[in-house]
Every structure is written in structure tokens, then in C-alpha cells.
Amino acid sequence: MAVKMDVKGAIEQMERGEQDTALSALRSYNTEMTHCFTFSNEDALDRQLLGGLVLGFLDRELQPSCQLACLETIRILSRDKLCLEPFITLPAMSTLARYAGIAVVSSAAPPDSQPAEGQDGGGKGAAQVSSEEVKEVSPPPENSDQEVIAESLKSISNILLHNETGQGVAADLQLIKGLAERLQQCYDPNWIHEVRFFDLRITFLLTALRVDVRAQLVRELHGISLLGNQLDATLGLCWPDTLEAARGGSEDVPPEQLPPLSRQQTELAIEILKILFTVTFDASRRQVDEEEMAEYRHLAAMLRHCLMSRADGEERTDEFHSHTVNLLGNLPLPCLDVLLVPKVQPGSIEYMGVNVDAVDMLLEFMEKTLDRGHKLKETLLPVLNLLTESARIHRETRKFLRSKVLPPLRDVTNRPEVGSALRNKLVRIMTSIDTDVKDCAAEFLFVLCKESVSRFVKYTGYGNAAGLLAARGLLRGGRDSGVYSEDEESDTEEYTEAKAHINPITGVVQEEQPNPMEGMTEEQKEYEAMKLVRMFDRLSRTNFIQPMQLGMDGKMSEISPGDLHNLVHNPLFQPEEPAHSDSEEENE
């Protein structure tokens, strides 16, 4: 009830039209509601009325303090996604954009502007936008300060987050052009953190929610280069070499000795990485020209620096690295060699003559994610996919990863999934109930084994490997179609001695079990075998199980009821499928 009275009191004071009276009322209301994020439906209409009155005030000549109070009120009211009606019209959005300093002169949209899928193009407000071509960004109101700009940006951010019509109006008003204009000033130290942060936040929301804005930023506004410069300026980078980034003034300091990035640097960098992720989501799946490839390689060098940097606190560092990994996974695969470009320095990890610090960091991040065990599909898959593709195309990366993940096998007494080594952890998730997670883990280990079935089974056990092998038609063994360099498989003395006694299904040495058929005559053995076949036949006829056979192509196929019936009555009968597969193979 007290909040409702505050709204009505503020409305009453605003309706008097006096600037000083309105300022006092709004300041009181803002103080009361500053921490309010949930609203009652009882006074929804009053809040909408207050929002309209405040917007009307902003069209007048106001003192900066009154401008700020009005915009603070709009920021608070725009938290309520059910009461955004006053703020999503063309005039309202234009007013907020003008105070934010990102309005364009003619408030125009290109004639061929297309909304995102499932969007209505911005509703009635968007339909009012003229078709004149936008030419330049309008300046913010005279005497505006950066607090006013920041409050306007926060209100626009709330509107875009909650309302589809507001998103359409923002797209048609070409706010992305105003934002891009200010993002070009990334090296200007005069802009406060809040303005820079919400410029990026609104850019992220527009590109994530609007396909047309995303395409416009990339193609028309050179978004990759623009955001790359933002990341460069935020991290304070210098370039000792073409594709080697370092922190300015600390070129010779090892990454682990550098101080962590500040909270503000990390916040800005994460927003930039999120925007880049939305605009590069298809980069690895399409042809890119030389100019684009150069941009992506330059970006990859900055991302390598991000991997080697720390934020303020372990949790924030993990978040920073997670966004970095997500973006690396979007880049064209040939760009990933940039991770190995920097020269070997004192304290860096060298393998086969190259600097593998970044690969080691990715591996450490992957293991940390595995140990955490939380939301593996969202957190583990990106880094696993990245390491898999890097290992597939870069010999040095694969051999380094194999030395860490699949070192020469010595422990032949414990199952592959038992233990605390990284191999054990990965084999454990090969039987996860999440198909995407288990497939990705199996694919990673398979690539480290150069897609050799025998080597893969050696490290994981046939039982754990069966899923991937069945999917690829490799249950009969062999090697998949990947192209890898030759290297020697050196077995340890422990493995060589135990090899003959290893159970290939479990991957470990098992004590010899008594032979259950010992002492039986041949007739008794045949009787037990036929008894088992008849049980399969009975279960098959009731559709409780589906008997399968392994074809010559290495894939599983069904045994027909007729074949199974013949097998029951004739143990020497051979089903047609294997012979048929064999004949096909010969014909090929």
C-alpha cells in the first residue's frame, strides 16, 4: 500500500508541471524503489501513467539533475516487463536514444530491413519509422553528462531484454549505428565504465535477438574489426609480433606473473566476447575470404592472450575463460594454429619445439570443468570440441595432448574408468546418460588415438568404446578415415607382460575364472548352447529383445525371425546378412 501511495503521490506532483516539484517527487520515489525488482499488479496502470508523464518531461528543457531523476525513474519502471507500454513507442525510444547519445539524425531504417524469425518487425511503433536513409549519429542533448547517458542506456537495456516490440523499434531506429559510432572511441579514456559497459550490453542484446542487426554489424559496420579493437583497448594490449599479443608495458613478464585483470576490465571483456560469439556463430561452417581470415587470426591471437590472463577471483577467471573457449570454437579451424605461434620463452611449456602454453591451459580448464561436474553439456562440450578439432588438424597439439591424457599405459589392474587420472575421468563420462557429452568425450580420445580402433580399445576397454565404434561401423576393428602422421606405439614393459591376460572388454587383467563348461561332454555343451538360442528366440518373438548380428561392414544389423528359427534347429546355419555384406564388399 505504501508503494501505491508513492506512485500516486509522484503522479500528482508531476501533473503540476513544475520542474522543482517534479524533481523532489521523483527523487523520493527513486530512493524508495531503487532496490525493487518485483511489482504489484494493483498499481500497474499508475506506473504506466507515471512513465508517460516522465517521458513528457524529458521533451522539455530540463536541468541535468532533473534529466537524471527522470531517467532513473524510467530505469526502475522498465524493470517491470508487463508495464513497458509507454516506453516501446517510436517517440519514447527516440527520446531515450537521444539522451543516450546513440540516436541517428533521420531515425530511419533501410527499406530492406528484415526482422528476426518469429518477430513482428517492431509492432505499431516500428511501423511509424520513415524510410529515409540514416546518415549520421545525432549528438546527445546539450550539457548532458555521462551519468545521464548511462541511465538512458540502462533503460534501453531493460526494454530490449523484456520486450519484442521494443527490439523491433530499436532495430528500425538503427541504434546499432549509434552504438558502433561510439564503440569506435574505445581508446578515448574519458568515457566512464558504465557507458562503455551498457554500450556493449545493448549491442549484445540487439545482435543476439535480431538476425538483421547481427548481419548489419558484421557486413556494414565491420563488426569483427570494431569489436577486436574494443578487446584490444580493454585489455591494454601491445603486439611484440604480428600474431603475438602481450599486456602493454609487460611484454617480458611471464603470463603467470602478471597481475589479474581488474573487475571492470573483465566485465567489458566478457561482454565483447559474448557479442563476438553471436556474430561469428557460422564462421567455422562457411567459406571466408582472405581479409576475413586475417581478422579471425588476429582475433585468435587476442583470445590466446585471454586464455593466459587471470581475472579478479577464480570464479570470474573461469567465466572469462569459458567465454573465450566458446568464441575460439566459432573461429575457422585454420586459425587455431595461432595458439602455437608465440616463441618459446623462459617458463613456458615447450613440446616438439613449439609453445603449448595455451593448449595446456585449455586442458587444465577442461579438467577443472570435469571435476566440477556441473552442467557438463554447456561447460564441457565447447572445450572438448575445441581440443578435438585442434588435435585433428595440428600434429603438435595432438601429440602433446596424448602425452598428457593418454600416457604410456602402465596400470593394467584397474578398469579404465577407475582412478583420478584425466584418462579415467574421460572414460567415465563415455557412459554418461547425456548422449552429446559421452559422444564428445569418446571422439576426443578416439582422435588422440589417431582413430585407430585397437589403440582406442587399449586405453578405454571395448565395452566403453563400443558406442562410438558401432556408430562408425568399426566394431570389427581397423581405422577410420582420418589422416594422421606416423609415429611408433611404444608399449610399456608392464603392459607388454600383461597384454595376453587383459580382458579386452574391461581393459584390465582379470583373474582366471573357472570354465563353466569344464567336464561337460560335447553333447552337453551343444544342449546348453541350443537352450540359450531358444531363450533368445522366445524373447525375440515377444518383442522383448531384438537379436543383432555383426555384419562384414562392421555395423550391427537385425537377425530376422526366420534366420533365428533356422539357427534354433540348425546350429551350423549361417544367417544371410554377413554373407550378403561380404559379397557387397567384394563387388565394390
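Residues numbered from 1 in each chain as written. Predicted model: local features only at pLDDT ≥ 70, side-chain atom pairs only at ≥ 80, totals over all residues. Heavy atoms only, no water.

**Some points on the packing of helix 20 (residues 435-448) against helix 22 (residues 462-472)**
In helix packing, the relevant descriptors are the interaxial angle and the interaxial distance, both defined with respect to the helix axes. Here is the rule we go by: Lines fitted to C-alpha atoms define the axes, with helix axes restricted to the stretch in contact, and inter-axis angles between N-to-C directions lie between 0 and 180 degrees. Runs of H or I in DSSP of at least four residues are treated as helices and runs of E of at least two as strands, each being numbered from the N terminus. For classification purposes, angles smaller than 35 degrees are called roughly parallel, those larger than 145 roughly antiparallel, those between 65 and 115 roughly perpendicular, and all remaining angles oblique. Note on contacts: a residue pair qualifies if any of its non-hydrogen atoms lie within 4.5 Å across the two residues. Ten residue types, Ala, Val, Leu, Ile, Met, Phe, Trp, Tyr, Cys and Pro, are classed as nonpolar, four, Asp, Glu, Lys and Arg, as charged, and the remainder, Gly among them, as polar.
Viewed as axis vectors pointing N to C, helix 20 and helix 22 meet at an angle of 80°, and their least axial separation amounts to 10 Å. Relative to helix 22, helix 20 is oriented roughly perpendicular. Listed contacts from helix 22 to Ala442, Glu443 and Phe446 of helix 20 are Leu468, Leu469 and Arg472. Taken together, the residues of the contact of helix 20 with helix 22 break down into four nonpolar, no polar and two charged.

**Examining the confidence of the model for the protein**
Going by this rule: pLDDT measures the predictor's confidence residue by residue and takes values from 0 up to 100.
Taken over all residues, the pLDDT of the protein has a mean of 84, while the share at 70 or more is 83%. Below pLDDT 50 for its whole length, residues 1-5 participates in four contacts with residues either more than four positions away or in separate chains. Predicted confidence is poor over residues 107-135, with pLDDT under 50, and the contacts of this stretch with residues over four places away or in other chains come to 61 contacts.

**Notes on helix 19 (residues 422-429)**
Side chains of residues three or four places apart in an α-helix project in the same direction, reflecting 3.6 residues per turn. Let me state the cut-off plainly: Any residue under 20% of the maximum accessible area for its type is buried, any over 50% is exposed, and the rest in between are partly exposed; the area is computed with a 1.4 Å probe on protein chains only.
With respect to burial, helix 19 is a largely interior element, seven of its eight residues being buried. Within helix 19, the full set of buried residues consists of Leu422, Arg423, Asn424, Lys425, Leu426, Val427 and Ile429. Where the residues of helix 19 are buried, they touch helix 16 (357-372), helix 17 (376-393), helix 18 (395-405), helix 20, helix 21 (453-460) and helix 22.

**Topic: unusual backbone geometry**
The residue methionine 352 is not glycine, and still its phi comes out positive at about 55°. Mapped onto the elements of the fold, methionine 352 is located in the loop between strand 3 (350-351) and strand 4 (354-355). Notably, asparagine 543 is not glycine yet its phi reads approximately 60°, a positive angle. Mapped onto the fold, asparagine 543 is located in the loop between helix 24 (522-541) and strand 7 (548-550). Given the relative accessible area of 69%, asparagine 543 is considered exposed.

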